[in-house]
Every structure is written in C-alpha cells, then in structure tokens.
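# Observations on the three-dimensional arrangement
Each chain, written out:
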Amino acid sequence: NLKSFLNASYNEAVCKSDFGYGHSVSDTTGGCNTGQSLANVPNYLLSGGLTWDYDGWHTDLTGQFVGKQHLEDYYTYLPEPAYDLAPGQPTHIKSYLLFNLGVVKVIPLENSFANALRLGIHVDNIFDTHYYADAETESDANNCCYLNDVYARVGEPRAVYGSASIYF
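Here's a quick rundown of the structure. As the structure is a prediction and not an experimental result, all values here were calculated from the model. (Residues numbered from 1 in each chain as written. Predicted model: local features only at pLDDT ≥ 70, side-chain atom pairs only at ≥ 80, totals over all residues. Heavy atoms only, no water.)

Now for the overall build of the chain. Helix and strand counts for the chain stand at 0 helices and 11 strands. Its helices and strands in sequence order give the chain the pattern β-β-β-β-β-β-β-β-β-β-β, from N to C terminus. Among the 168 residues that make up the chain, the fraction classed as buried is 25%. At a minimum sequence separation of 6, the contacts of the chain that also span at least 24 residues come to 61%. When the accessible surface of the chain is totalled, it reaches about 11000 Å², and 56% of it is carbon and sulfur. (Helix = DSSP H or I, 4+ residues; strand = E, 2+ residues; numbered from the N terminus. Buried < 20%, exposed > 50% of the residue type's maximum accessible area, 1.4 Å probe, protein only. Contact = heavy atoms within 4.5 Å. Areas by Shrake-Rupley, 256 points an atom, 1.4 Å probe, with all protein chains shown as cover.)

This is the structure in structure tokens:
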C-alpha cells in the first residue's frame, strides 16, 4: 500500500497597515509601511513524501524545501536593506531542503495483557543539512556605518531516535 503527497505554497508576507515605533504613526523609521515585505518568512514552501504500509510495517520518507528569506533588521524587524550592510554581506537566508525517514513495526500481542507493541526508528534531517531557520543583523560596536554582525538560529542537525509503545 503506497501513498504519496505533495504540497506547495507561495507566501507573500507584507504589512497590512502603517505603524511606527517612533514618536508618531508617520515615523516609520522603526516600523512598517503598508505592503512592505516582512523578514524571516520564506516565499516558497514545498513538501512531499511517500508512505508505504505492509504487514504491520509503516515507512515514510518526507522532504521539505524552504525558500530563501530576507534577513531581519534587529531594530525595525523588517528586511535589512542592502545599503545598510557591509560589502559582501548576505541579504538573505539561503533556501534549504530537508529529508526525514521513519520506520515503524506494529507487532500484535495475542493472549497477552496488551493488544500490540509498536517499535519505531526515525531519522530527521537525513543528510545532516546545515541551514539557518532565521537570522537578523545588528551593528558592530566598532563600526558606525554598516550592520556587520549576523545572528542566526541554526536549524536542527541530524537526529536519530527510537520509540516503543504498548497498545492496550
């Protein structure tokens, strides 16, 4: 019994209304203008997978593509404009592709105190892809003109874990 799925989406995350963090609503130096893009939101998402069930075995292989994302300005929470960055500084978080695998076996327990035993092993991020989930820029204390420092949250590395459950 083989099943598959594929999902795709396009996101256009923008400010719905003007707002500012400054002295008034018209002061948007630390805020957002209507229609302005937001940071740390990928435009493209794609996920897919295969699931196979046979004789108490369940196996699934899934993949997820996350498109590039604008770097966030630490002070405004908006996409960092390229002119604020030091030459050669990235303006986006790179897109990435992850794969996960799960294998589960359900063993019926007849004439027992329980109905079944479920054993599983899972591998997340099979290829140990190095990626950043989100990132922001902040100015270097020694540099008055450019935002040199990028702080990023590194995505999860490969993880292998098992599980055991008893069904009553």
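This paragraph deals with the side chain of Gln-69. Within the fold, Gln-69 resides in strand S4 (residues 69-70). For Gln-69, the contacting residues outside a window of four places in its chain are Asn-40, Val-41, Pro-42, Thr-91, His-92, Ile-93, Tyr-96 and Ala-133.

Before going further, it helps to examine the pattern of salt bridges. Proximity of charged atoms lets side chains of opposite charge pair with each other. Using the criterion set out here, one finds 1 salt bridge in the structure. In this structure, Arg-153 engages Asp-134 in a salt bridge whose closest nitrogen and oxygen atoms are separated by 3.1 Å. With Arg-153 in strand S10 (residues 149-154) and Asp-134 in strand S9 (residues 132-138), the pair connects residues that are 19 residues apart, well separated along the chain. Judged by relative accessible area, Asp-134 falls into the partly exposed class, the value being 24%. (Salt bridge = Lys/Arg side-chain N within 4 Å of Asp/Glu carboxyl O.)

The next subject is the sheet that holds strand S7 (residues 96-108). Taken in spatial order, the 6 strands line up as S1-S2-S3-S7-S8-S11 in an open sheet, and their pairing is antiparallel. Each edge of the sheet is formed by a strand with only one pairing partner; in this case those strands are strand S1 (2-10) and strand S11 (159-167). Within this sheet the neighbouring strands show an average axis-to-axis angle of 10 degrees, counted without direction. In this sheet, strand S8 (residues 116-124) lies alongside S7 in antiparallel orientation, the contact comprising 8 bridges. Looking across to S8, one finds that Val-106 is bridged to Arg-118. (Pairing = 2+ DSSP bridges. Axes fitted to C-alpha atoms, helices over the stretch in contact; angles between N-to-C directions.)

One open sheet holds the 3 strands; their spatial order is S5-S9-S10, and the pairing between them is mixed. What marks the edges here is a single partner per strand, and that holds for strand S5 (72-73) and S10.

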